Amino acid sequence: AQSVTQPDIHITVSEGASLELRCNYSYGATPYLFWYVQSPGQGLQLLLKYFSGDTLVQGIKGFEAEFKRSQSSFNLRKPSVHWSDAAEYFCAVGLLGGGYNKLIFGAGTRLAVHP
Amino acid sequence: EAQVTQNPRYLITVTGKKLTVTCSQNMNHEYMSWYRQDPGLGLRQIYYSMNVEVTDKGDVPEGYKVSRKEKRNFPLILESPSPNQTSLYFCASTRLGNTEAFFGQGTRLTVV
């Protein structure tokens, strides 16, 4: 069955430090991959997506993610974290087939940023 | 502006009292979905619709109903809400042949 694992439930970093959020997926075919961010009390905002092509994708707010097929991973990175990046981050796999269309989400990683 | 609009944003209700959460999109997307978000579980799909009058169950459909009478609207109906349906609900729309979803702002439902 398809699944998405985000191993880290909570991460705390200092402002200005680098960040890497891990995401592993289980899916037989080439996946559509997404990272969403949810700020407190807000909806979901798409940070970046991977469909095909270059395995390093750039997103909004200075985020990037790298697709590694051999490791079934799609880790999110940012070189220097800002206090406004404190939020919950969700990795997702998009499934599209005959008669269905859905996203499988990981459980999320809550990021705290220390000044 | 392209958007998915859910109403209400917050709702407190009592067990057994029927309620409807509305969802509307202005992007002419074929696919629409409902998800619920629970701590430690991420988001899980409740129901989806591939087009008008075409709906199907997602991963957690029990206790919910949906309808798709118009392309832009996809209401979520809880005919007899129970406390275990207390959750944050998101509506999403997706273009045909795509999996990138556009989400509404969410509806926080509390059933007491």
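Calculation criteria
- Residues numbered from 1 in each chain as written.
- Chains lettered and ligands numbered in written order.
- Predicted model: local features only at pLDDT ≥ 70, side-chain atom pairs only at ≥ 80, totals over all residues.
- Heavy atoms only, no water.
- Phe/Tyr/Trp six-rings, centres within 6.5 Å; stacked < 30°, edge-to-face > 60°.
- Helix = DSSP H or I, 4+ residues; strand = E, 2+ residues; numbered from the N terminus.
- Buried < 20%, exposed > 50% of the residue type's maximum accessible area, 1.4 Å probe, protein only.
- Patch = residues over 30% accessible without salt bridge, like charges linked within 9 Å, V, L, I, M, F, W, Y side chains within 5 Å.
- Areas by Shrake-Rupley, 256 points an atom, 1.4 Å probe, with all protein chains shown as cover.
- Salt bridge = Lys/Arg side-chain N within 4 Å of Asp/Glu carboxyl O.
- Disulfide = S-S within 2.5 Å.
- Contact = heavy atoms within 4.5 Å.
- Buried area = accessible area lost by both parts, 1.4 Å probe.
- Polar contact = N/O pair within 3.5 Å; in protein donor to acceptor, adjacent residues only side chain to side chain.

J.: I'd like to hear about the packing of aromatic side chains, residue by residue, with values.
T.: Residue and element names in this part refer to chain A. Under the counting rule described, the total for this entry stands at 15 aromatic pairs over all chains. Taking 6.0 Å as the distance between ring centres and 45° as the angle between the ring planes, the aromatic pair formed by tyrosine 36 and phenylalanine 105 counts as tilted. In this pair, tyrosine 36 is assigned in strand 5 (residues 32–38) and phenylalanine 105 in strand 11 (residues 100–105), connecting sequence segments 69 residues apart. A residue is classified by how much of its surface remains accessible, and tyrosine 36, at 1% relative accessible area, is buried.

J.: Describe a nonpolar patch on the surface, naming the residues involved and giving the relevant values.
T.: Residue and element names in this part refer to chain B. A contiguous nonpolar patch, built from Ile12, Val14 and Val112 and spanning about 300 Å² of accessible area, is present on the exposed surface. Looking at the secondary structure, you find valine 112 in the segment after strand 11 (107–111). Judged by relative accessible area, valine 112 falls into the exposed class, the value being 56%.

J.: So, the state of the cysteines: which residues are in play, and what are the values?
T.: Under the criterion given, the structure shown has two disulfides over all chains. Each disulfide pairs two cysteine sulfurs, and for A:Cys23 the partner residue is A:Cys91, the sulfurs being separated by 1.9 Å. Measuring the twist about the S-S bond at about -65°, one finds the A:Cys23-A:Cys91 disulfide to be left-handed. Taken together, the positions of A:Cys23 in the loop between strand 3 (19–21) and strand 4 (24–26) and A:Cys91 in strand 10 (residues 87–97) put the pair 68 residues apart, joining distant regions of the chain. On the basis of relative accessibility, which here comes to 0%, the residue A:Cys23 falls in the buried class. Residue A:Cys91 is classed as buried on the basis of its relative accessible area of 0%. There is a disulfide in this structure between B:Cys23 and B:Cys91, and the S-S distance comes to 1.8 Å. Across the S-S bond of B:Cys23 and B:Cys91 the torsion is about -75°, and the bridge reads as left-handed. Of the two residues, B:Cys23 is situated in strand 3 (residues 19–25) and B:Cys91 in strand 9 (residues 87–94); the sequence distance between them amounts to 68 residues.

J.: Give a description of the interface of chain B and chain A that names residues and reports values.
T.: Listed by partner, the interface residues are 24 residues for chain B and 25 residues for chain A. The junction of chain B with chain A conceals about 1,900 Å² of combined surface from both sides, 51% of it contributed by carbon and sulfur atoms. Ranking the residues of chain B by area buried against chain A places B:Leu43, B:Thr99 and B:Glu100 at the top, with a combined share of 30%. Across the contact surface, chain B and chain A share two salt bridges. One salt bridge connects B:Glu100 with A:Lys49, and the closest N-O pair in it is separated by 2.5 Å. For the pair chain B and chain A, the interface holds five residue pairs in polar contact (both at pLDDT 80 or more). Going through the elements one at a time, strand 4 (31–38), strand 5 (42–51), strand 9 and strand 10 (101–103) of chain B are the ones with two or more residues in the side of chain B that touches chain A. When residues of the side of chain B that touches chain A are assigned to their parent elements, the largest contribution, five residues, is made by strand 5 of chain B.

J.: Can you explain unusual backbone geometry? Please cite residues and give values.
T.: Note that the residue after B:Asn7, namely B:Pro8, is joined by a cis bond; omega there is -5°. Despite not being glycine, A:Lys61 has its phi angle at roughly 60°, a positive value. With respect to the helices, strands and loops of the structure, A:Lys61 is situated in the loop between strand 7 (56–58) and strand 8 (64–68). In this structure, A:Ser72 is a non-glycine residue whose phi angle is positive, near 50°. Turning to its location among the elements, A:Ser72 is positioned in the loop between strand 8 and strand 9 (73–78). For A:Ser72, a relative accessible area of 26% corresponds to the partly exposed category.

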